[in-house]
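Architecture and fold: a report
Each chain, written out:
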Amino acid sequence: MSHGTVMPVEGPATLAWSEKAKAEVADALSRYPVKRSAVMPVLWIAQREWGWLPPAALRLVAESVGLPESEVFGIATFYSMFNLRPVGRHHLQVCMTLSCSIMGADRLFKHLEKKLGVGHLETTPDGRYTLRKVECLAACGMGPCMQVGFDYHENLDEAKVDALLEKLK
Amino acid sequence: MARVTIDGRTVEVPAGTLVTDAARAAEVHVPIFCSHQKLPPLGACRICVVEVGTPRLGPDRQPVIGADGTPEIAWMPKVQTGCTTFVSDGMHVRTVSETAVKARKGVMEFLLVNHPLDCPVCDEGGECQLQDLAFAFGHDFSRMDEAKRTFDSEDLGPIVKKEANRCIVCMRCVRYCDEVMGENALTAHQRGVHTEISSFDRQPLACEQCGNCVEVCPVGALTALPYRFKARPWDLRQHITICEWCSNGCSVRLGVRGMEILRARGTEFRGVNQEYLCVRGRFGHEFVNAADRLTAPLVRTGAALQPATFDEAVAYASARLRDLAATYGPESIAFVGGEKLNLEEQYLLQKLARAVIGTPNVDARTRPAAAVTGDALLRATGGGRPALTFEDLTDAQEVLVLFEDLQGEAPFAQANIVRGFRQRDLHVTVAHSRRVKLARPRFKGDWLGLKPGTELALTLGLTRAALELGVPDGFPAEAAAALTASLAASTPEKTEAETGVAASAITAAARRMREASRKALLFGRGVLEHAQAPALLQAVENLAWALGAITAETSSVMAFGPHHDSAGALEMGLTPECYPGYVGAGDASARASYEKAWGRALPGAGLSAREALTAAAEGKVRALWIFADELLSSAPDRALVEKALEKCELVIINELFLTRTASRAHVVFPVAAFAEKEGSTVNSERRLQKSNRALSPRRGARADWEVLQAVAQALGAEWRYRSAEDVFREIARLVPGFSGLSYASLLPEGVRLSGPAMAPRLKAVAPAASGSGEGLWLLSGGVLFADGSLSARSDTLAKLAGSARAHVSPAEASRLGLSAGDTVELAGPAGLARFGVEVDDSVPAGAVFVPSAGSELNRLGAPSGAGLRVQARKAGAAATVGA
Amino acid sequence: MSRGPFLFKDIDTPGLTGIDVYKKGGGYETVAATLGKTPADQVIEIVKASGLRGRGGAGFPTGLKWSFVPKASPKARYIVCNADESEPGTFKDRELMEKNPHLLIEGMILAGYAIGSNLGYIYLRGEFEYIQRIVDKAIAEARSAGILGNDVMGTGYKFQVHTHLGAGAYICGEETALLSSLEGFRGQPRLKPPFPAVEGLYACPTVVNNTETLMAVPAILKNGAAWHRQWGTEKSAGTKVLSVSGPVKRPGNYEVPLGYSMKQLIEVDCGGMRDGLKVKAIIPGGSSVPLLPAADLDTALDYESMNAKGTFLGSGGVIVIDNQTCIVDALWNITRFYEHESCGKCTPCREGTYWMAEVLERLENGHGKAEDIDLLADVADNILGKSFCALGDAAAMPVQGALKHFRDEFEYHVTHKACLANRRRSQAEGVRA
């Protein structure tokens, strides 16, 4: 499974940092003796701002850290957690690696597919959930597990997952 | 040095040699893909894996000697990539052991896991490294039964076709585009087996379109669209010759089928450029095949030009020349143009003019308003000392580029600077009114963004700042005091006030150049065609000495002539004041050897091209012979050329096409293009290189030297040259600096010319006013996709260039109410012209930049003072750029 | 009830993430006692003598690694914590940082001092964003308390540390790939030599250490090398936090002295198997190491004993595979992981992991041929030792281990077109990977 970037995508033509983000970017830049090292934290700031990284955001990041656009694009697409396509409000990332698989992750994923009506890398039509298979989340002893956004949810079973989904508006 | 034994063969190589290079020295073939001579070691593809061992050391730290008397070798447990392993003394390498072969075959098999069997439809077939190595090292069967990963193929713009399925992720294209071109147009997306090379957001590549990515791609993942599906490599005859687009003198490998050049490639290891070519070198050859090449001489009978046979045209031209010389004297005839001819042709041109006709009026340089003398340029580039090479340029610590946009004028020189910056410790300072490519922030250089027209002031300011640091070693002492005194008014502060460049930037730039032990000073048309060229060139010579860029022994200066053999034109005396070899025309005793050799008295100094045209307009010069020059467009004073052509009784022109200028001539000789004739040329390193014939001339066309000989013979000269080589032999015999040379001696690397030793002039230059006036400064120059009249006849280049546009800064655009795509009307003292608008933040306020090619800028007027100013206003309706 | 003798001893102390509680337990005292008082060289010698080895997976002697930093280099030095913890089966650093972030900071200050570094980075995997917030809070507390900054605890030493969040790439756990990523490039590994200790971050001398390794340093410097050697074996001194997963009754992190019996860990500490399952195989050190059959359950958990059995202690991620889990299926799962995580730089790993995953898919789904088994072995052999970095080896070794001990399961798949037993599959009908 890939992290599914098939560019080009539609997105806003230009983007600008909010005042808050601008301050965060400046803080990120201050932490490294070399400007380009801030590219990952600045990509995270952009992703927090807009939920994903449209081309305009990548351009903005490139400008902020002084890198060619193409390089920022190459960097962003290397890492699976940078979203190069829009994601739903709740990004359900289910670990499928060995330990979780042994403990029932596949069954759990199947359940989610059926319940939400979407498959891997797909978003529900109402934009509420994006479902995704991911690799080991370092929760192996507490599997099956899932990250929703950045939040860990562990020791899951179908019932717990159903209850969780209810709470995720 | 290190002694290395590879498959039993021992070689001695310098320390710091990579195992793959040592193998080459030992004539052992180790395959490579990701490794490239211009890129640092990567070790990614793993095809070069070999077994490496070093002598086993005993407790005494000495090699243990085995039973057979040789050191015991401790072999490393894992195979190593030869391209990342440096040799050590005593190292042993096994490339064909069972272990090495299995490893290599394994890598080969992995490369073919996802690589499609596209050979039948892939342009790379027949010259594909993967194909060759699969044949040499791979299995003859496939164990891989699974579905392959696939991508969509895409066009990355008009030049590059990408079939990502074929990509082996060697990363050569991305790294080359980054480290050699400085364009960063390509990047790798995603990771793992889904890694795909593309551009930002899959947009068409906005880059120099050089096609070097295609060149270095070892498979058919990147191929050139203009060449797509045209031929197989075995269909082609491939000839290496010298590219004709600029003075860098790159070697280009032309692929010819029948009578057509189908493509141009780099030469991998040969020439100054090896695999590199710019977009012009790579795709500009199409004009050679153009349908409207002249196929017969033309002679004017009555009002119209009529086809004639070669003999008829020769007879007519020579008869008219004889008549005019007899009636008005030989000095009524003038020869202009010739910077694009081969050395041999340049030699014969001036020999015909001076020794057969007897006229002193020879000048190749038609573009400058006030041309500099050949010896002045030689002095400014080092007075005969061995010239700077491109390798020196890449290796420099400090580079100062004066008033030249290398991207348009000398792309290979620019690439050397980029590579020096990316891979070594090169720092560049660019003095230019426009923020040209090398002045962009990503190259971390310094930009001296001077106001247009203040070039002389800045040069004087830099010189003074340099001399303030003390007089450099070897600077002629007697000149120092006078020069320093003359620069009293060029303080950093005063220079800042005049040029707009910060005083601190000026002093810092001078200091950096002085303190660097390896440096380079570069200039070109921006100086040579400047309205104040003679004074500016003298100022540059002074600056070069003051910076230590010329010393008693060395020269670190490089000048770029506008054309590929501008340097040859100077060597062969195509300037009114010099005979070949910089022999002074006005010096009777110096001329004597030529008089003796050519068997007659020879004239002294003559008219420059500009003076000849003026004289022609006044009726004093009655015949003009023009060599491959669209004079109407290229000369600064268009009205003067019009008048000259109108008034002249005889205009002969050697041309490839029926250009506007040619259509005013009385005799038009169709001549061979660069690829259609043999000869030699001199590049901006002052390197004399052999240029070869790749295909026969177009029907009806002859090499310029053949035309010259025919007319000379018709005028009674006993010329018996059977080939260009015959001419070269005479040059070697007679011209100082060429003695002992032969065509054979020009292989493989050419010969770096030096001498004659010329004492520096170091004359003080008075500051000159840059001129006040209203309106915008008109800036011009060469750009990558458009150069002279020929690029418009190469489809690929013409498409990339589009029509010439007027570039203005955002501030200026706003002031004039212009947006991109609008039409602007520029008005100069002599006329009007309209151009589409491009908003360009590299252009300073108060100026407008229009590329010189295809824009007919001289309609607006000739420069005066330090340049030309124009009025600009938004034009109503869209208009074509008309004549 | 203490959960371990050393790092886990007081890890569940309430409020330990806050500096006050941390200091109350003696936290940062070693910093004050060492900086400027014990020469840096001596610090390195103590750590060398303690026998501490890298706890991330490679097990390289820590003091020795520190000693490779050139003493005379004028360049800046960097200490980097590898908190990328992405090795399947491993989740120890997560708990350590979540509960005791100040101990990591203290370890970094001391390690930094030992190598002459004034600036450190903690590279956290992207999924550990909440851990980053916990650690950042601790860093802010330490800064306010004058423990980080231009004058560490009044000793005159300068030290600053920043967290850096990754974004989902296992390869960034490889030290040179981590440095590439930290520098702002695609996270691809770099040529060695030069080694990071000589030319690492920004081509400056850099030491990259695992979280658990760094967290061991303060106590070693406080109590001495011999103290650390009270646990473990001659070659494997100290303790190790093992992360146990799989269908045991009590999975989780366990800190044990090195040399502890794996049988004891699983059967006693973890309570043995649940649901009536039995142990079929154990992967002792994260998915990158060859598995051991149940017959080798009683192997000692130390570096040399695992090596003797043809595997590695690695990260200490103990994955228990039960007798209702298909080895082919498990191997397919692991191989897919390496295929997804391969950075793509080198041919054998990029293409080989893809190929092996495809073959395993066919084998698992009943479309395997007899030749496929030897093919798998040969492909793994062509990757091992030929790839640019250890990820290739990590992909190849599980294949070799599985084929060595469970070839019969592979053959069964070919002849019967089915698994011997596959609990996962039957529970998740029609699940495709």
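In the block above lies the structure referred to throughout.
I will try to describe carefully the structure that is included in this document. (Residues numbered from 1 in each chain as written. Chains lettered and ligands numbered in written order. Predicted model: local features only at pLDDT ≥ 70, side-chain atom pairs only at ≥ 80, totals over all residues. Heavy atoms only, no water.)

All names here are of chain B. Here the second largest pocket defines a volume of roughly 1100 Å³. Forming the walls of the second largest pocket are 40 residues, and the residues nearest its centre are Arg24, Ile32, Arg172, Glu268 and Phe269. If one sorts the elements of the lining of the second largest pocket by residue count, helix H1 (residues 19-25) sits on top with 4 residues. (1 Å grid on protein atoms, 1.4 Å probe; cavity = no way out; pocket = protein on both sides within 12 Å on 5 of 7 lines; lining within 4 Å. Points joined across faces, edges and corners; volume = space filled by probe spheres on them. Helix = DSSP H or I, 4+ residues; strand = E, 2+ residues; numbered from the N terminus.)

Further remarks concern helix H1 (residues 19-30) of chain A. All names here are of chain A. Compared with the 16 Å implied by 1.5 Å per residue over 12 residues, the 17 Å span of H1 between its first and last C-alpha is a close match. Those residues of H1 lying buried are Ala21, Val25 and Ala28. Projection of H1 onto a plane perpendicular to its axis shows the buried side chains occupying an angular sector of 60°, all on one side. Of the residues in H1, the exposed ones pointing more than 90 degrees away from the buried face are Glu19, Lys20 and Ser30. Against the buried residues of H1 lie helix H2 (39-50) and helix H3 (55-65). (Expected span 1.5 Å × (residues − 1). Buried < 20%, exposed > 50% of the residue type's maximum accessible area, 1.4 Å probe, protein only. Arc of directions from axis to C-beta. Contact = heavy atoms within 4.5 Å.)

Another aspect to go through is the packing of aromatic side chains. Residues and elements named next belong to chain B. For the structure shown, the criterion picks out 36 aromatic pairs over all chains. Ring geometry for tryptophan 625 against phenylalanine 627: centres 5.3 Å apart, planes inclined by 20°, an arrangement best described as stacked. Taken individually, tryptophan 625 and phenylalanine 627 each receive the classification buried, so the pair is uniform in this respect. One Lys or Arg, arginine 104, reaches over the ring of phenylalanine 137 and ends 4.9 Å from the middle of that ring. A cation over an aromatic ring shows up here: arginine 354 above the ring of tyrosine 579, its NZ or CZ 4.3 Å from the ring centre. (Phe/Tyr/Trp six-rings, centres within 6.5 Å; stacked < 30°, edge-to-face > 60°. Lys NZ or Arg CZ within 6 Å of the ring centre and 35° of its normal.)

Turning our eyes to something else, we now look at the sheet that holds strand S20 (residues 427-431) of chain B. Residue and element names in this part refer to chain B. Read from one edge to the other, the open sheet built from 5 strands follows the order S21-S20-S19-S22-S23, with strand pairing classed as parallel. In this open sheet, the two strands that pair with only one neighbour each are strand S21 (446-448) and strand S23 (557-559). Strand-to-strand, the axes of this sheet are offset by a mean angle of 15°, without reference to chain direction. Judged from the 5 bridges that link them, strand S19 (residues 398-402) and S20 form a sheet pairing that is parallel. In the sheet register, valine 399 faces S20, and the bridge partner there is valine 428. (Pairing = 2+ DSSP bridges. Axes fitted to C-alpha atoms, helices over the stretch in contact; angles between N-to-C directions.)

Our focus in this paragraph is the interface of chain C and chain B. In this complex, chain C contributes 34 residues to the contact, which on the side of chain B involves 34 residues. Applying the counting rule to chain C against chain B returns 6 salt bridges. Those elements that provide at least two residues to the side of chain C that touches chain B are helix H13 (327-341), helix H14 (347-364) and helix H15 (371-383) of chain C. If you tally residues by element for the side of chain C that touches chain B, the top one is H14 of chain C, at 10 residues. Per-class residue counts for the side of chain C that touches chain B are 12 nonpolar, 9 polar and 13 charged. (Salt bridge = Lys/Arg side-chain N within 4 Å of Asp/Glu carboxyl O. Nonpolar A, V, L, I, M, F, W, Y, C, P; charged D, E, K, R; others polar.)

What follows concerns the pattern of salt bridges. One pass over the structure, following the stated rule, counts 101 salt bridges over all chains. Across the pair arginine 94 of chain C and glutamate 154 of chain A runs a salt bridge whose closest N-O atoms are separated by 2.7 Å. Within this pair, whereas arginine 94 of chain C is found in helix H5 (residues 92-99), its partner glutamate 154 of chain A is found in the loop between strand S5 (151-153) and helix H7 (158-167), the two belonging to separate chains. For glutamate 175 of chain C, the salt bridge is made with lysine 65 of chain C, and the minimal N-O distance between the two is 3.7 Å. Note that glutamate 175 of chain C is positioned in helix H8 (residues 175-183) and lysine 65 of chain C in helix H4 (residues 62-67), a separation of 110 residues in sequence. Glutamate 175 of chain C gets classed as buried once you look at its relative accessible area, which sits at 17%.

A few words now on the pairing of strand S34 (residues 823-827) of chain B. Residue and element names in this part refer to chain B. Judged by how many residues are buried, S34 sits mostly within the fold: 4 of 5 residues are covered. Where S34 meets strand S35 (residues 832-839), 5 bridges bridge the pair, whose relative direction is antiparallel. Its bridge partner lying in S35, threonine 823 is registered against glycine 836. Turn length for the S34-S35 hairpin, with the two strands adjacent in sequence and antiparallel, is 4 residues.

Below, the discussion takes up empty space enclosed by the protein. Residue and element names in this part refer to chain B. Considering only enclosed or pocket space, the largest cavity measures out at about 400 Å³ in volume. The wall of the largest cavity is formed by 31 residues, among which Leu377, Ala559, Gly561, Ala567 and Leu570 lie closest to the centre. Of all the secondary structure elements, the ones that give two or more residues to the lining of the largest cavity are helix H9 (374-380), S23 and helix H19 (566-571). In terms of residue count, H19 provides more of the lining of the largest cavity than any other element does, 4 residues in total. Its residues assigned to classes, the lining of the largest cavity comprises 15 nonpolar, 9 polar and 7 charged.

Residue and element names in this part refer to chain B. Of the two faces of strand S29 (residues 679-682), the one lined by Gly679 and Thr681 and the one lined by Ser680 and Val682 are each fully buried. For S29 and strand S30 (residues 687-691), the ladder comprises 4 bridges, and the chain directions are antiparallel. By the bridge assignment for S30, valine 682 is matched with leucine 688. Where S29 hands over to S30, the hairpin turn is made up of 4 residues, of which arginine 686 adopts a positive phi near 60°.

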